[in-house]
Amino acid sequence: MAALEAQHSEARPAAAAAVGEEHPAWQREWRANVFNRGEKDMQTRDGGRERAQQLGEHKVATEVHPSSVHFLQTRHALYVGHVVLAGPPSNNDVAEAWLTPIFADPNPCAAGGIPAHHVAGFALTTRPAAAEAVCLAEAKVPPLHTGDVAAARGRFCDSCGITSDAARLCSVFQAGAYKPLVRLESTSFIRVLKGPPESDPMWKSCTTPGAPVSLTFLEFETRKRYRVSGVICDPLTEGGFSVTTMECFSICPRYIQQRTIDFVCPAEEMPKPVAHSSLQQQDPSRLPEDLIEFITSRDTMFITSVNPELARGVDSSHRGGRPGFVRVVDKSKLVWGDYHGKGMFQVLGNTLICDKVGVTFVDFEHGHTLQVTGTLRVVWVDPKDGLDHCPRVCIFSISRWLYTEFASAFHWKFLALSSHHPVLIDTPLLHSLASSSVDSAADHWRAVGEAPLVKFHIETAWSESPCMKTFRLRMERPLMWEPGQYGTFCFDVGGAPFLRCFSVSSATRAVVPGAGSCDNLLGASDCVEISVKLQGRVTSWLHEHWEGSDGVCHGVEGGFTLSMSAYVMAQGNSIVEHPFSSWWKLLFLSAGSGVTPMMSMLRGIRNSLSGSLSIQVRHTKKMQPVMMQKTRRCPTSSTYTWSVAPTTCHSRLNGRRS
C-alpha cells in the first residue's frame, strides 16, 4: 500500500507522515488545488467559483473522518464508479464509464424474511428521521394515538409523511441481518468485502492496482451520504477489493427520497442475478419500451464521470427528483435538468475534459438495476427555457446498457419525496433535441406529485434588523409542521421559479411528547412566518418586491426539532408523567440568523403551556438580539415582550393579548 501511495503522490505523498504538522505543506497545496480545470470552469460560469473553493477547502479531505467510520462500515449498499480503458493504463484512453451497485449478502434465515429478533425497529415517532436520535438515546418515545390525526389528513398538507402510517414505523436492520460489506482498516484504507456479479463491467476495470474508483455510501432513512474517491490497491476478486482514499467528504442530502428496507430475501431463497445486455441486440444504444418505462418512473439516479488527467479522477454522486425527472429522447438519449446544488460540479466538471459518463437506476421495490454507459453534454440555458426551469440541461447519449434482475436481496419501501425537487416542466427545448420521439412522464407524474404543493400569498412583512425581515405567508390551506423545521418555498423571480429553504420562525402548539394530548405533537396553521436574511438574488428580490407577491410551498421538513432531541427521547415516559417539571431544562445555542428555528421552538413551548415559562438569555456584546426583543404574532394570537439586557436577562413570558 505504501508503494501505491507513493506512486500517486499528487494526492498523498510519502512526506505526509513527516513532522507532526497539523496541516503539512503538501496538504495545504492539495487543498488549494482541490478542483480540476473542468470543475473550475463550471464553477466560474455558474458564478460561484470563490464560494466553491472555500467549500472545497473546508469539506474535502484525503482520509475518512473518524466520525464517519461507523456509518461507512454499517452500509448494506455501495455504489462504485469506475472506468474501462481502451488501451494500456499509461495511455489514459477511457472507453467507458460505469457505475456499479454492490449489495450486501443476507445472512441465512427462515423463509419469509428477516426474523423479528434481527430487526431493530425505529420507535414510534412523528418522522422516520427520528431513527438516529432513538438509537442514540436507546429509549422509546410513547406511542401516539392517531385517531384525531388520521381524521385530519385530508385537510392538511403533510408532504413529509408526518402522519402517515408507513413513515411512522420504519425498520432498520442490524448488522446481523446481512453479511458485512465494508471494513475500514484505517481512515485511508477501505476494504469492500464482496465483488459484483460476474457479468458486471467492474471485472474489466478494477483488476489492476491503481485503477481509479469512486464510492458513494447512502442511507435513505436519514438522507445521509458520503463519497470517497481513490485508487484500487488490492485488485477485484470474488471476495471484493480495497481502495486507498484520496478524496473524502459528506454530500448534501437535498434531493434524497426517504426509504426504508421492509424485506430482505433470505439467502437460501435469493435467485441468482440474471443479466440482460444491449450487446445482444442489433443496436446496443437503443432502449426497449419496458426499460424506457423503467427509467421514466424512477425518482433516483446514480452518476459517475472521469477525469483521466488525475489518479483520483473518478467522481460519482446521487441525483434525485420527482418521478419522471429523467426523460428519454429518440430511445437512445437521456435528458434531465441539473438542479441547484453546492456548486462544486465535481461530476459535471469532468465532462469538459472527458465526456464518458455512467448512470445507474435501481428498482428499490424489487431489487433490479439498470446500468447505462455513454457520453454526456451539458447545455447552459436561460432558466425559463430549461427543463424544470433549470439553468443547465444534461444530454446523455447511450452507448450500451446492462439490466440485471435480482441484483439485490433488499427491498425498500418508499416513505417520502424530498421537498426540494422542482416541479417537472417539459419545455420546447426537450422536443428540439428529438428527431423522432420523446418519452416523458412529466405530465403524468406532475399531476400525481403536485398534491403536497401549497400556494401562498405574502400578507405582510416587517424588519427585524437592517438586513433581516420577517414575512407572514397566508397559505391556501393549513400547513403542518413542527417548530424548528424549515420549508422549501418557490418564488417567481424575473419570470423564472427559484426554490429556497427558510426556517419557519412562527410556531403552533406543543413540540414535546407528553406536553399535552398526543395530537399536539402536530401543529397546523394557514399562517406561516419566515425570517429572511438579505444575502442573495432571491432574498434581495423578496426584501424589495414582496408586496402582492405569491408563491408555492413544496413542503416542510427537517429533524432539528425539540421532539427529535436525544435528551427528550431518553426521558421517555418521565416527560409524559411530569411534563416541564422543575428538572426539565434546555440549552439553545445559536449564531446569527441560526436563532430563527430556536425562536420557533421557544414559541412552541410557550404555546403548549398554560402557565409561565422562565427563560434566561445570554449573548455577546457583538450580537444585537433584535428578534428576541419583540416577536409579532398573528392577530388571533398573543404578543410576548422579551426584555433583553446587554449581558444577562432573566424574564418570564406571560402572554398578553394584542
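Calculation notes
Residues numbered from 1 in each chain as written. Predicted model: local features only at pLDDT ≥ 70, side-chain atom pairs only at ≥ 80, totals over all residues. Heavy atoms only, no water. Helix = DSSP H or I, 4+ residues; strand = E, 2+ residues; numbered from the N terminus. Buried < 20%, exposed > 50% of the residue type's maximum accessible area, 1.4 Å probe, protein only. Contact = heavy atoms within 4.5 Å. Areas by Shrake-Rupley, 256 points an atom, 1.4 Å probe, with all protein chains shown as cover. Pairing = 2+ DSSP bridges. Polar contact = N/O pair within 3.5 Å; in protein donor to acceptor, adjacent residues only side chain to side chain. Phe/Tyr/Trp six-rings, centres within 6.5 Å; stacked < 30°, edge-to-face > 60°. Lys NZ or Arg CZ within 6 Å of the ring centre and 35° of its normal. Arc of directions from axis to C-beta. Core = buried A, V, L, I, M, F, W, Y, C linked by side-chain atoms within 4.5 Å. Salt bridge = Lys/Arg side-chain N within 4 Å of Asp/Glu carboxyl O. Axes fitted to C-alpha atoms, helices over the stretch in contact; angles between N-to-C directions. Disulfide = S-S within 2.5 Å.

## Things to note about the overall build of the protein chain
Moving on, step 1. Helices and strands together make up the secondary structure of the protein chain, namely 17 helices and 31 strands.
Moving on, step 2. Within the protein chain, buried positions represent 55% of all 658 residues.
Moving on, step 3. Sequence-distant contacts, at least 24 apart, represent 75% of the contacts inside the protein chain between residues at least 6 apart.
Moving on, step 4. Carbon and sulfur atoms form 52% of the exposed surface of the protein chain, whose accessible area is close to 27,500 Å².

## Comments concerning the environment of Trp462
Moving on, step 1. On the secondary structure map, Trp462 appears in strand 21 (residues 454-465).
Moving on, step 2. Classification of Trp462 as buried rests on a relative accessible area of 9%.

## Observations regarding the pairing of strand 21
Moving on, step 1. One ladder, built from four bridges, connects strand 21 with strand 26 (residues 550-557); its direction is antiparallel. Within the sheet, the bridge partner assigned to Lys455 lies in strand 26 and is Val552.
Moving on, step 2. Pairing geometry for strand 21 and strand 22 (residues 468-481), over eight bridges, is antiparallel. Looking at strand 22, one finds that Trp462 is bridged to Thr470.
Moving on, step 3. Two successive antiparallel strands, strand 21 and strand 22, enclose a turn made up of two residues.

## Here's the deal with unusual backbone geometry
Moving on, step 1. Despite not being glycine, Asp330 has its phi angle at roughly 55°, a positive value.
Moving on, step 2. Take Asp330: it is sitting in the loop between strand 14 (327-329) and strand 15 (333-337).
Moving on, step 3. At Asp388, a residue that is not glycine, the phi angle is positive and equals roughly 55°.
Moving on, step 4. Among the residues examined, Asp388 registers a relative accessible area of 3% and is labelled buried.

## Details of the side chain of Gln485
Moving on, step 1. Here Gln485 shows up in the loop between strand 22 and strand 23 (486-493).
Moving on, step 2. In this structure Gln485 comes out as buried when scored by relative accessible area, which is 0%.
Moving on, step 3. Looking at Gln485, its side chain comes within polar contact range of the main-chain oxygen of Gly558, at 3.0 Å.

## Re the packing of aromatic side chains
Moving on, step 1. Tallied over the entire structure, the rule returns 17 aromatic pairs.
Moving on, step 2. Taken together, a centroid distance of 6.5 Å and an interplanar angle of 40° make the contact between Trp336 and Phe396 tilted. In this pair, Trp336 sits in strand 15 while Phe396 sits in strand 18 (residues 392-405), placing the two residues 60 residues apart along the sequence.
Moving on, step 3. Owing to a relative accessible area of 1%, Trp336 belongs among the buried residues under this scheme.
Moving on, step 4. Accessibility expressed as a relative area gives 0% for Phe396, which makes it buried.
Moving on, step 5. When the ring of Phe345 is compared with that of Trp380, the centres are 6.4 Å apart and the planes differ by 40°; the resulting orientation is tilted. Here Phe345 is found in the loop between strand 15 and strand 16 (356-363), whereas its partner Trp380 is found in strand 17 (residues 368-380), with 35 residues between them in sequence.
Moving on, step 6. Among the residues examined, Trp380 registers a relative accessible area of 21% and is labelled partly exposed.
Moving on, step 7. The ring of Phe71 carries the charged tip of Arg75 above its face, separated from the ring centre by 4.4 Å.
Moving on, step 8. In this arrangement the basic side chain of Arg392 is found over the ring face of Trp380, its NZ or CZ atom lying 5.0 Å from the centre.

## Topic: helix 4 (residues 49-59)
Moving on, step 1. All of the buried residues along helix 4 are Ala52, Gln53, Leu55 and Gly56. Buried residues of helix 4 fall within an arc of 165° about the axis and therefore sit on the same side. Every exposed residue of helix 4 that faces more than 90 degrees away from the buried side is listed here: Glu50, Gln54 and His58.

## Focus: the nonpolar core
The tendency in soluble globular proteins is for nonpolar side chains to be buried as a group.
Moving on, step 1. Of all hydrophobic cores here, the largest spans 45 residues; its most connected members are Val64, Leu72, Tyr79, Leu215, Phe217, Val228 and Phe241.
Moving on, step 2. Not counting the four nearest positions on each side in its chain, Leu215 is found in contact with Leu78, Tyr79, Val80, Ile190, Tyr226, Arg227, Val228, Phe241, Val243 and Ser316.
Moving on, step 3. Core analysis: the next-biggest nonpolar cluster, separate from the first, contains 33 residues, Met42, Phe345, Leu424 and Ala442 among them.

## Describing the pattern of salt bridges
Moving on, step 1. Inspection of every chain in the model, using the stated rule, returns 21 salt bridges.
Moving on, step 2. Note that Glu247 is salt-bridged to Arg227, the shortest N-O span being 3.3 Å. Pair noted here: Glu247 is in strand 9 (residues 241-250) and Arg227 is in strand 8 (residues 224-232), with a separation of 20 residues, a long-range link.
Moving on, step 3. Measuring nitrogen to oxygen at the nearest pair gives 2.8 Å for the salt bridge that ties Asp388 to Arg327. Of this pair, Asp388 sits in the loop between strand 17 and strand 18 while Arg327 sits in strand 14; the two residues are 61 residues apart in sequence, bridging distant segments of the chain.
Moving on, step 4. Sharing partners across several salt bridges, the network here consists of Arg183, Glu185, Arg191 and Asp234.

## Description of the sheet that holds strand 5 (residues 182-186)
Moving on, step 1. Overall, antiparallel pairing links the seven strands, which are arranged 2-1-7-8-9-6-5 in an open sheet. Strand pairing shows two members of the sheet lacking a second neighbour, strand 2 (94-103) and strand 5, which therefore form its edges. Taking the axes of each pair of neighbouring strands and ignoring which way they run, one obtains an average angle of 30° across the sheet.
Moving on, step 2. In this structure, strand 8 lies alongside strand 9, joined through seven bridges in antiparallel fashion. From the neighbouring strand, Tyr226 faces strand 9, where its bridge partner is Ser250.

## Looking at helix 3 (residues 37-46)
Moving on, step 1. Those residues of helix 3 not exposed but buried are Gly38, Glu39, Met42 and Gln43. For helix 3, the angular spread of the buried residues around the axis is 135°, confining them to a single face. Those residues of helix 3 that are exposed and aimed more than 90 degrees away from the buried face are Thr44 and Arg45.
Moving on, step 2. For helix 3, the elements touching its buried residues are helix 4, strand 13 (314-320) and strand 17.
Moving on, step 3. Between the side-chain oxygen at the start of helix 3 and the backbone nitrogen of Gly38 there is a gap of 3.0 Å, and the oxygen is on Asn36.
Moving on, step 4. Once helix 3 ends, the next one or two residues include Gly47, with phi positive near 85°.

## Considering the state of the cysteines
Moving on, step 1. Per the stated rule, a full pass over the model turns up zero disulfides.
Moving on, step 2. The cysteine Cys390 is free of any disulfide, with Cys394 supplying the nearest cysteine sulfur at 8.9 Å.

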